[in-house]
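# Breakdown of the fold
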Amino acid sequence: HPTPVDPTLAIGTQARVCNGPYEGAIGHIEYLYTHQQQFSSHIRARAVRMRLEDGMLLTVPLTSIERII
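In this report, we go over the structure that sits alongside the text. (Residues numbered from 1 in each chain as written. Predicted model: local features only at pLDDT ≥ 70, side-chain atom pairs only at ≥ 80, totals over all residues. Heavy atoms only, no water.)

Okay, the packing of aromatic side chains next. Summed over the entire model, instances satisfying the criterion amount to one aromatic pair. Seen in terms of ring centroids, tyrosine 31 and tyrosine 33 are 5.0 Å apart; in terms of plane orientation they differ by 80 degrees. Their pairing is edge-to-face. (Phe/Tyr/Trp six-rings, centres within 6.5 Å; stacked < 30°, edge-to-face > 60°.)

In structure tokens:
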């Protein structure tokens, strides 16, 4: 029987950015914000902080990332 996929986003999870200027960037989740974050588009959303493969830190809305399995 196939093992079900775990879609949970957690610290240490590898994820890919799905849209915006960093679309396609891959990194690991370092922090899950407990409060909504304000973005340059003036929207507030739940977010994570990711460390990309090149070492850059990026705060990304949860709706803009997907877990890499």
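Having seen the structure, we can now continue with the description.
Turning our attention to the nonpolar core. The biggest cluster of nonpolar side chains holds 10 residues, and these are Ala15, Val17, Ala25, Ile29, Val48, Met50, Leu52, Leu58, Val60 and Ile65. By residue number, the principal contributor to this core is strand E5 (residues 47-52), which donates three residues. (Core = buried A, V, L, I, M, F, W, Y, C linked by side-chain atoms within 4.5 Å. Buried < 20%, exposed > 50% of the residue type's maximum accessible area, 1.4 Å probe, protein only. Helix = DSSP H or I, 4+ residues; strand = E, 2+ residues; numbered from the N terminus.)

Let's shift gears to the pairing of strand E2 (residues 26-32). One ladder, built from three bridges, connects strand E1 (residues 14-17) with E2; its direction is antiparallel. Directly across from glutamine 14, in E2, lies its bridge partner histidine 28. (Pairing = 2+ DSSP bridges.)

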